[in-house]
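# Breakdown of the fold
Residue strings, one per chain:
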Amino acid sequence: MSTGADMIAAIVAADPEALAELRAVRALALPDWCIAAGFVRNRVWDHLHGIAPPRRPADIDVLYYDAGDLSKEREAGYEQRLDALLPGLPWQVRNQARMHVWKNLPQHASTADSMIHWLETVTAVGVRLEADDSLTVIAPLGTDDLLGLRCRPTAYGRTRRDEYEARIAAKRWRELWPRVRFVE
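This write-up is about the structure you can find in this document. (Residues numbered from 1 in each chain as written. Predicted model: local features only at pLDDT ≥ 70, side-chain atom pairs only at ≥ 80, totals over all residues. Heavy atoms only, no water.)

## Quick notes on the layout of surface pockets
Its boundaries defined by the atoms lining it, the largest pocket holds a volume of some 710 Å³. Forming the walls of the largest pocket are 30 residues, and the residues nearest its centre are Ala 37, Asp 61, Gln 92, Thr 123 and Arg 167. Secondary structure elements with two or more residues in the lining of the largest pocket: helix 3 (38–48), strand 2 (60–64), strand 3 (91–95), helix 8 (161–171) and helix 9 (173–176). Partitioning the lining of the largest pocket into residue classes produces 13 nonpolar, six polar and eleven charged. In this structure, the second largest pocket occupies an estimated 210 Å³ of space. If you trace the second largest pocket, you find 14 residues lining it, with Ala 14, Asp 15, Arg 43, Pro 53 and Pro 54 closest to the centre. At the level of secondary structure, the elements contributing two or more residues to the lining of the second largest pocket comprise helix 2 (16–27) and helix 3. When the residues that make up the lining of the second largest pocket are grouped by side-chain class, the tally is seven nonpolar, one polar and six charged. (1 Å grid on protein atoms, 1.4 Å probe; cavity = no way out; pocket = protein on both sides within 12 Å on 5 of 7 lines; lining within 4 Å. Points joined across faces, edges and corners; volume = space filled by probe spheres on them. Helix = DSSP H or I, 4+ residues; strand = E, 2+ residues; numbered from the N terminus. Nonpolar A, V, L, I, M, F, W, Y, C, P; charged D, E, K, R; others polar.)

## With respect to the nonpolar core
Among the nonpolar cores identified, the biggest contains 41 residues, and Ile 8, Leu 22, Phe 39, Trp 45 and Val 62 are the most heavily contacted of them. The element best represented in this core is helix 2, accounting for five residues. Grouped together as the second largest cluster of nonpolar side chains are eight residues, Ala 36, Leu 63, Ala 124 and Ile 138 included. (Core = buried A, V, L, I, M, F, W, Y, C linked by side-chain atoms within 4.5 Å. Buried < 20%, exposed > 50% of the residue type's maximum accessible area, 1.4 Å probe, protein only.)

## Quick look at the pairing of strand 5 (residues 135–138)
Two elements, strand 4 (residues 126–129) and strand 5, share four bridges in a ladder whose sense is antiparallel. Paired with Leu 129 across the strands is Leu 135, a residue of strand 5. Counting the residues in the hairpin turn of strand 4 and strand 5 gives five residues, including Asp 133, whose phi is positive at 70°. (Pairing = 2+ DSSP bridges.)

## Considering the packing of aromatic side chains
One pass over the full model with this rule turns up three aromatic pairs. An angle of 90° between the planes, with centres 5.8 Å apart, marks the rings of Trp 45 and Trp 173 as edge-to-face. Highlighted residues: Trp 45 in helix 3 and Trp 173 in helix 9, separated in sequence by 128 residues. Residue class for Trp 173 comes out buried when judged on its relative accessible area of 1%. (Phe/Tyr/Trp six-rings, centres within 6.5 Å; stacked < 30°, edge-to-face > 60°.)

## Notes on the sheet that holds strand 4
Strand order across the open sheet formed by five strands is 3-2-1-4-5, with mixed pairing between neighbours. Two strands close off the open sheet at either side, each with one partner strand: strand 3 and strand 5. Averaged over all pairs of adjacent strands, the angle between strand axes in this sheet comes to 30°, irrespective of strand direction. Helix 1 (residues 4–13) contacts strand 4 and strand 5 of the sheet and is inclined by roughly 125° relative to strand 5. Running over the sheet, helix 3 touches strand 1 (34–36), strand 2 and strand 4 and is turned about 55° from strand 1. (Axes fitted to C-alpha atoms, helices over the stretch in contact; angles between N-to-C directions. Contact = heavy atoms within 4.5 Å.)

## A look at the pattern of salt bridges
Across all of its chains, the model carries 16 salt bridges by this definition. Of the charged contacts, one joins Arg 167 and Glu 120 as a salt bridge, the two residues approaching to 2.8 Å between their closest N and O atoms. Of this pair, Arg 167 sits in helix 8 while Glu 120 is found in the loop between helix 5 (111–115) and strand 4, placing the two residues 47 residues apart along the sequence. For Arg 167, a relative accessible area of 24% corresponds to the partly exposed category. Across the pair Glu 175 and Arg 172 runs a salt bridge whose closest N-O atoms are separated by 3.0 Å. Residue classification places Glu 175 among the exposed positions, given a relative accessible area of 55%. Of the residues examined, Arg 172 reaches a relative accessible area of 41% and is grouped as partly exposed. Within this structure, Asp 15, Glu 17, Glu 21, Arg 43 and Arg 56 form a network of salt bridges that share partners. (Salt bridge = Lys/Arg side-chain N within 4 Å of Asp/Glu carboxyl O.)

Written as structure tokens, this is what we have:
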């Protein structure tokens, strides 16, 4: 029986552009890395809406966790290296070990732990290409909402309801994916 993670991995694996982007990030050998957010969410929702090929996300959210180097300069350096590997793509590399600061939270313990503190469950899903070319899905809040076309706030998102609603409106999710249900 196929799991939600297997379904997501299959959707991503069927996209040659996604695999090329995952190979580029894997080449950086970042600790506890994945590509998440719209990279996964958009592909899955496009697939479930019968939209092919998938639409490009506004950016490619590369996450990693390195508590030993919290500098923004390191992130910029990784973005430059990715741009050298696959030029012209909207790379956005962020060390999740420092993302707690602007949220006024204790430091996150890992990349997956940081994703729990995002606004909506459907965005807190990432994928990593392993050395054997298998895909690992990182989904600390599960995959049911993403695959079930349900968008709901995380526990953190429920404490920032205005930000959650503004984000959905700004990204035009209701328009782009009309079958998605927005639930409390």
